Amino acid sequence: MPTIHVIDADGAEHVIEGDVKASVMENLCDHDLPLDADCGGSCACATCHVLVDAGWASRLPPPSLDEQALLEEEPTYQPGRSRLSCQIDFRPELDGLRLTLLPRG
């Protein structure tokens, strides 16, 4: 089963088995990782903002205009690394994806 490597806001690493029929956000929430997902994945709030490791960022489809607009308003926005985890469909090619969770507000 494909995996997702997650660094939480405290610096601890978690390796979770990912469901390829779900978004990255759904996978993180299903494994009780500390991530808010206030809008439930509708790209309306940015509470599921994560930082994708640089080596993985280019392997993802680019963010939509709506996602990019939300990200750019975040104080922790990092161009090229910031993504809304609800907008990343987890699929087998993303086995080993590495990302970092941001401190919860």
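First things first, this report covers the structure right here in the doc. All figures in this text were calculated on a predicted structure; none of them were measured in a lab. (Residues numbered from 1 in each chain as written. Predicted model: local features only at pLDDT ≥ 70, side-chain atom pairs only at ≥ 80, totals over all residues. Heavy atoms only, no water.)

1. A few points about the environment of proline 92
Move 1: By the element assignment, proline 92 lies in the loop between strand E4 (82-84) and strand E5 (97-101).
Move 2: Put simply, proline 92 and arginine 81 are 11 residues apart on the chain and 20 Å apart in space, counted from C-alpha to C-alpha.
Move 3: Residue contacts for proline 92: discarding those within four places in its chain leaves Pro2 and Val20. (Helix = DSSP H or I, 4+ residues; strand = E, 2+ residues; numbered from the N terminus. Contact = heavy atoms within 4.5 Å.)

2. As for the state of the cysteines
Move 1: Within the structure shown, the criterion is met by zero disulfides.
Move 2: Not engaged in a disulfide, the cysteine cysteine 39 finds its nearest cysteine sulfur in cysteine 45; these two sulfurs lie 3.6 Å apart. (Disulfide = S-S within 2.5 Å.)

3. Description of the pattern of salt bridges
Move 1: With the rule as written, the count across this model stands at five salt bridges.
Move 2: Glutamate 13 is the partner of arginine 98 in a salt bridge, and the nearest nitrogen-oxygen pair spans 3.4 Å. Of the two residues, arginine 98 is situated in strand E5 and glutamate 13 in strand E2 (residues 13-17); the sequence distance between them amounts to 85 residues.
Move 3: The class of arginine 98 is partly exposed, set by a relative accessible area of 28%.
Move 4: Measuring nitrogen to oxygen at the nearest pair gives 2.8 Å for the salt bridge that ties glutamate 67 to arginine 83. (Salt bridge = Lys/Arg side-chain N within 4 Å of Asp/Glu carboxyl O. Buried < 20%, exposed > 50% of the residue type's maximum accessible area, 1.4 Å probe, protein only.)

4. A short note on the packing of aromatic side chains
Move 1: Under the counting rule described, the total for this entry stands at zero aromatic pairs.
Move 2: Over the face of the ring belonging to tryptophan 56 we find arginine 59, whose NZ or CZ atom lies 4.0 Å from the ring centre. (Phe/Tyr/Trp six-rings, centres within 6.5 Å; stacked < 30°, edge-to-face > 60°. Lys NZ or Arg CZ within 6 Å of the ring centre and 35° of its normal.)

5. Quick look at the sheet that holds E2
Move 1: Taken together, five strands build an open sheet; the order of strands is E2-E1-E5-E3-E4 and the sheet is mixed. Here the strands that pair on one side only, and so sit at the sheet edges, are E2 and E4. Within this sheet the neighbouring strands show an average axis-to-axis angle of 35 degrees, counted without direction.
Move 2: Note that strand E1 (residues 3-7) and E5 share four bridges and pair parallel. Within E5, the residue paired with isoleucine 7 across the bridge is threonine 100.
Move 3: Packing of helix H3 (residues 65-72) onto the sheet brings it into contact with strand E3 (49-52) and E4, and relative to E4 it is tilted by some 120 degrees. (Pairing = 2+ DSSP bridges. Axes fitted to C-alpha atoms, helices over the stretch in contact; angles between N-to-C directions.)

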